[in-house]
Amino acid sequence: MKNILVTGGLGYIGSHTVVELIAHNYNPIIIDDLSNTNIEVLERLKKITGKEITYYKNDVCDTATLTHILNTHHIEGVIHFAAFKAVGESVQFPLKYYHNNIGGLVSLISAMEACQIKNIVFSSSCTVYGEPDFSPVGELSPIKKASSPYGNTKQIGEEILNECAFLNAVALRYFNPIGAHESALIGELPLGVPNNLVPFITQTAAGIREKITVYGNDYNTKDGTCVRDYIHVVDLAKAHVKAIDFINQNPNNHFDVFNIGTGNGFTVLEIIETFEKVNQIKLNYTIGARRVGDVEKVWANNDKASNVLGWQAELNLEKMVESAWRWQQHLH
Ligand code: WQD
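None of the values given here were measured: they were computed from a predicted structure. (Residues numbered from 1 in each chain as written. Predicted model: local features only at pLDDT ≥ 70, side-chain atom pairs only at ≥ 80, totals over all residues. Heavy atoms only, no water.)

Participant: When you look at the overall build of the chain in this model, what are you seeing that I'm missing?
Facilitator: The helix and strand inventory of the chain stands at 11 helices and 13 strands. Whereas a compact globule of 332 residues would reach a radius of gyration of roughly 20 Å, the chain reaches 19 Å, a difference of no more than 12%. When each of the 332 residues of the chain is scored for burial, the buried share is 57%. Contacts spanning at least 24 positions in sequence make up 81% of the contacts within the chain whose residues lie at least 6 apart. A total accessible area of about 14100 Å² is found for the chain, and carbon and sulfur atoms account for 51% of it. (Helix = DSSP H or I, 4+ residues; strand = E, 2+ residues; numbered from the N terminus. Rg over C-alpha atoms; globule rule 2.2 N^0.38 Å. Buried < 20%, exposed > 50% of the residue type's maximum accessible area, 1.4 Å probe, protein only. Contact = heavy atoms within 4.5 Å. Areas by Shrake-Rupley, 256 points an atom, 1.4 Å probe, with all protein chains shown as cover.)

Participant: It is not clear to me how the packing of helix α3 (residues 63-72) against helix α5 (residues 94-114) should be interpreted in this structure. Could you clarify?
Facilitator: If you want to describe how two helices pack, look at the angle between their axes and the distance between the axes. Between α3 and α5, whose axes approach to 9 Å, the crossing angle comes to 45°. Compared by their axis directions, α3 and α5 come out oblique. Both α3 and α5 take part in a crossing whose hand is right-handed. For the pair α3 and α5, the contacting residues are T63, L66, T67 and L70 in the first and S107, L108, S110, A111, M112 and A114 in the second. Taken together, the residues that form the contact of α3 with α5 break down as six nonpolar, four polar and no charged. (Axes fitted to C-alpha atoms, helices over the stretch in contact; angles between N-to-C directions. Parallel < 35°, antiparallel > 145°, perpendicular 65-115°, else oblique. Left-handed = near helix turned anticlockwise from the far one by under 90°. Nonpolar A, V, L, I, M, F, W, Y, C, P; charged D, E, K, R; others polar.)

Participant: Just to check I follow, could you spell out the site of the ligand for this structure?
Facilitator: L197, T213, R228, R291 and D294 are the nearest of the 18 residues found near the ligand. One nitrogen or oxygen atom from the side chain of N176 is found 2.9 Å from an oxygen atom belonging to the ligand. T213 has a polar backbone atom sitting 2.8 Å from a nitrogen atom of the ligand. Look at the ligand: alone it shows 690 Å² of surface, and the protein chains cover 92% of it. By residue number, the principal contributor to the shell around the ligand is strand β8 (residues 212-215), which donates three residues. (Near = heavy atom within 4 Å. Polar contact = N/O pair within 3.5 Å; in protein donor to acceptor, adjacent residues only side chain to side chain.)

Participant: Explanation requested: the pattern of salt bridges in the structure shown.
Facilitator: Between side chains of opposite charge, a pair can form as their charged atoms come close. The final tally for this structure, using the stated rule, is 16 salt bridges. A salt bridge links D218 to R290, with the nearest nitrogen and oxygen atoms 2.8 Å apart. Here D218 is found in the loop between β8 and β9 (227-228), whereas its partner R290 is found in the loop between β13 (285-288) and α10 (303-309), with 72 residues between them in sequence. When its relative accessible area of 45% is taken as the criterion, R290 is described as partly exposed. Close ionic contact of D256 with K304 constitutes a salt bridge, the shortest N to O distance being 2.5 Å. (Salt bridge = Lys/Arg side-chain N within 4 Å of Asp/Glu carboxyl O.)

Participant: Looking at this structure, I do not really get the side chain of E296. What am I missing?
Facilitator: Structurally, E296 can be placed in the loop between β13 and α10. Side-chain polar atoms of E296 contact the backbone nitrogen of N220, separated by 3.0 Å. Among the polar contacts made by the side chain of E296, one reaches the side chain of K297 at a distance of 3.5 Å.

Participant: I keep staring at the sheet that holds strand β2 (residues 27-32) and nothing clicks. Help me out?
Facilitator: Across a sheet, paired strands are connected by hydrogen bonds in the backbone, their directions being either parallel or antiparallel. Strand order across the open sheet formed by seven strands is β3-β2-β1-β4-β5-β6-β11, with parallel pairing between neighbours. Unpaired on one side and paired on the other, β3 (54-57) and β11 (255-260) mark the two borders of the sheet. Shown here is a sheet whose adjacent strand axes are inclined to one another by a mean of 20°, direction ignored. Where strand β4 (residues 77-80) meets strand β5 (residues 119-125), three bridges bridge the pair, whose relative direction is parallel. Each residue of the ladder has a partner; that of V78, found in β5, is I120. (Pairing = 2+ DSSP bridges.)

Participant: What should I look at first to understand the packing of aromatic side chains in this one?
Facilitator: The description of two aromatic rings rests on the distance between their centres and on the angle between their planes. For the structure on display, the rule yields three aromatic pairs. With a centroid separation of 5.7 Å and 75° between ring planes, the pair formed by F246 and F258 is classed as edge-to-face. Here F246, found in helix α8 (residues 233-249), pairs with F258, found in strand β11; they are 12 residues apart in sequence, far enough to count as distant. The exposure class assigned to F258 is buried, which follows from its relative accessible area of 0%. One residue, K304, lies across the ring of F258, its end atom 4.9 Å from the ring centre. (Phe/Tyr/Trp six-rings, centres within 6.5 Å; stacked < 30°, edge-to-face > 60°. Lys NZ or Arg CZ within 6 Å of the ring centre and 35° of its normal.)

Participant: Sorry if this is basic, but what is going on with the nonpolar core here?
Facilitator: A general feature of soluble globular proteins is that nonpolar side chains tend to end up buried together. Counting residues in each nonpolar core, the largest one holds 38 residues, and the members touching the most others are I30, L45, L172, F258 and I260. Within the residue set of this core, elements represented by two or more residues are β1 (3-7), α1 (12-23), α2 (40-49), β6 (168-174), α8, β11 and α10. The biggest single contributor to this core is α8, with nine residues. Sequence-distant contacts of F258, defined by excluding residues within four places in its chain, comprise E139, V170, A171, L172, R173, F246, K304, A305, V308 and L309. Judged by nonpolar contacts, the second largest core, of 28 residues, contains L66, I109, L167 and V257. (Core = buried A, V, L, I, M, F, W, Y, C linked by side-chain atoms within 4.5 Å.)

Keep in mind that these numbers describe shape and distance, not what the molecule does.
Now the structure itself:
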């Protein structure tokens, strides 16, 4: 399997995955509608990889064009990143999320069926676990009622894959991706005010934001702030290559899910303190009210990804926050 269609391939995780696909002798073909990234990323990918990369500006909801592309390039597998991912925005605009995230997935699978392509890696999220009864969470941990339309689109997406019998599908449940490629040429590009913690930290360090508000310090955790499993985006990208390899080597697989996290939980204050120490920068932050919908603590049991995919996270928290800061500095 050589030619891999990467939807959302100019996005944060998609672009890092394109780099790893090429490093592992796959040939990625990118589709991206540029709704949450910019075309500059394509040039930077060519600079990092030294390769010409085929790219189409396209909406995954355009099934006819998708079908044409799948046929033209003899695509043998798909990695589907193209989806909206802001939890808060999904509460404000649920239809936008159901149209793009569910409609886009249905469009993609329909085009794949028309072209007799069965191999797909799906970008899912630990958000499907909601507030777990305990951590670390394994893949068999209960799927809780989604706390946002965004989370619901990930749960429904997994169900759709499982119900399409012709597919050989793997869903990767990401924990919290942060950091950037060592070249500082690609990284997280939040448009507008960042929702996520680390881009808010780096923009505060860069003087773009006045201060960070820590959303609550009265949780039942070591320092009262929420716990998450932060994972370096390059480690996450490598997990996608392992998933494509797995599909290649297991033609009779139908649907499987894997937690992609480091297995370590860190509090918000630990992220702030580690960022300050590693980058020798004092951050301005205050403690504010809890954010509605936040989970108190969640981190991964990643044994299945390790035992079945042969995947391990290699980059530690220091590397994550150091690369995130270098990327922010490069942006300016
Ligand atoms: C992390 C922690 C906040 C900002 C979400 C989605 C998940 C994935 C990643 C798409 C929380 C705290 C944050 C701030 C803060 N999305 N925080 N001040 O909410 O764990 O996950 O984004 O793939 O699916 O659910 O990530 O980075 O928003 O928050 O205190 O300004 O940082 O309360 O505890 P989250 P996050």
